[in-house]
Amino acid sequence: QKEVEQNSGPLSVPEGAIASLNCTYSDRGSQSFFWYRQYSGKSPELIMSIYSNGDKEDGRFTAQLNKASQYVSLLIRDSQPSDSATYLCAVNEAAGNKLTFGGGTRVLVKP
Amino acid sequence: GAVVSQHPSWVICKSGTSVKIECRSLDFQATTMFWYRQFPKQSLMLMATSNEGSKATYEQGVEKDKFLINHASLTLSTLTVTSAHPEDSSFYICSARDGRLAGNEQFFGPGTRLTVL
């Protein structure tokens, strides 16, 4: 069974600091990886996608992918209280177009 | 771009009744739509994959006769919860893939909160 693992948290970071979120996956053939942000009571919002090994930066967010280690991470720089949410790692199955979601990491940014 | 809407945003119904939820892609044609269910403090659980013009593919353990999915056009998919019971109360969220994009990003609708009394 394909799995995506995340630390459930909460990850507590002071305002202005860097939040580091990790995700591991079991399907070695996966090629597409996504980070979604979900505020309480709301649906997920896509914030980053990454397909190649290395880093991808978009504003205050940086996604890092290491396919050999089956590991994808998300860094949030200059964390703001508005970043407080649950962050979901999603991995596209190698066969087909379904996404497998991790359980999510809850992030709390304290002023 | 890539906006997905859902209707209704919330619904309360009596046990034994049926509820229909609509999912629309507003500014793109969605070759594939997905239906998820999320219980409190849990992650998303995929219920089914819906392709335009064909039968939906249900995940293991999801009753296809209870959760009817219709994807009649490239911009509309519907989920009907038949003979709803209190245990069906949940947050139902649809997502859609934009066929123009090379990746497999899914864009989510705002969700429908179903409460069955």
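Located above this text is the structure these notes cover.
Everything numeric here is computed off the predicted structure, so don't read it as measured data. (Residues numbered from 1 in each chain as written. Chains lettered and ligands numbered in written order. Predicted model: local features only at pLDDT ≥ 70, side-chain atom pairs only at ≥ 80, totals over all residues. Heavy atoms only, no water.)

A. Just the layout of surface pockets, in detail. Roughly 680 Å³ of internal volume is contained in the largest pocket. Those elements that provide at least two residues to the lining of the largest pocket are β9 (85-92) and β11 (105-110) of chain A together with β9 (90-98) and β11 (112-116) of chain B. For the lining of the largest pocket, the element with the highest residue contribution is β11 of chain A, accounting for 4 residues. For the lining of the largest pocket, the residue count by class is 9 nonpolar, 14 polar and 4 charged. (1 Å grid on protein atoms, 1.4 Å probe; cavity = no way out; pocket = protein on both sides within 12 Å on 5 of 7 lines; lining within 4 Å. Points joined across faces, edges and corners; volume = space filled by probe spheres on them. Helix = DSSP H or I, 4+ residues; strand = E, 2+ residues; numbered from the N terminus. Nonpolar A, V, L, I, M, F, W, Y, C, P; charged D, E, K, R; others polar.)

B. Structural detail: the sheet that holds strand β7 (residues 67-73) of chain B. All names here are of chain B. A sheet is described by the order of its strands in space; here 4 strands give the open sequence β1-β3-β8-β7, paired in antiparallel fashion. The open sheet has two free edges, formed respectively by β1 (4-7) and β7, since each of these has just one partner strand. For this sheet, the mean inter-axis angle between neighbouring strands, taken without regard to orientation, is 15°. In the sheet, β1 pairs with strand β3 (residues 19-25) via 4 bridges, with the strands oriented antiparallel. Bridge pairing links His7 to Glu22 in β3. (Pairing = 2+ DSSP bridges. Axes fitted to C-alpha atoms, helices over the stretch in contact; angles between N-to-C directions.)

C. Representation of the interface of chain B and chain A within the structure. Taken residue by residue, the interface counts 22 residues in chain B and 19 residues in chain A. Interface of chain B and chain A: buried area, both sides summed, is about 1,400 Å²; carbon and sulfur atoms make up 53% of it. At the boundary of chain B and chain A, one finds 1 salt bridge. The salt bridge partner of Glu59 of chain B is Lys98 of chain A, with a shortest N-O separation of 3.0 Å. If you look at where chain B meets chain A, you find 7 residue pairs in polar contact (both at pLDDT 80 or more). Those elements that provide at least two residues to the side of chain B that touches chain A are β4 (30-38), β5 (45-51), β9 and β10 (106-108) of chain B. Looking at the side of chain B that touches chain A, the element that brings in the most residues is β4 of chain B, giving 4 residues. (Contact = heavy atoms within 4.5 Å. Buried area = accessible area lost by both parts, 1.4 Å probe. Salt bridge = Lys/Arg side-chain N within 4 Å of Asp/Glu carboxyl O. Polar contact = N/O pair within 3.5 Å; in protein donor to acceptor, adjacent residues only side chain to side chain.)

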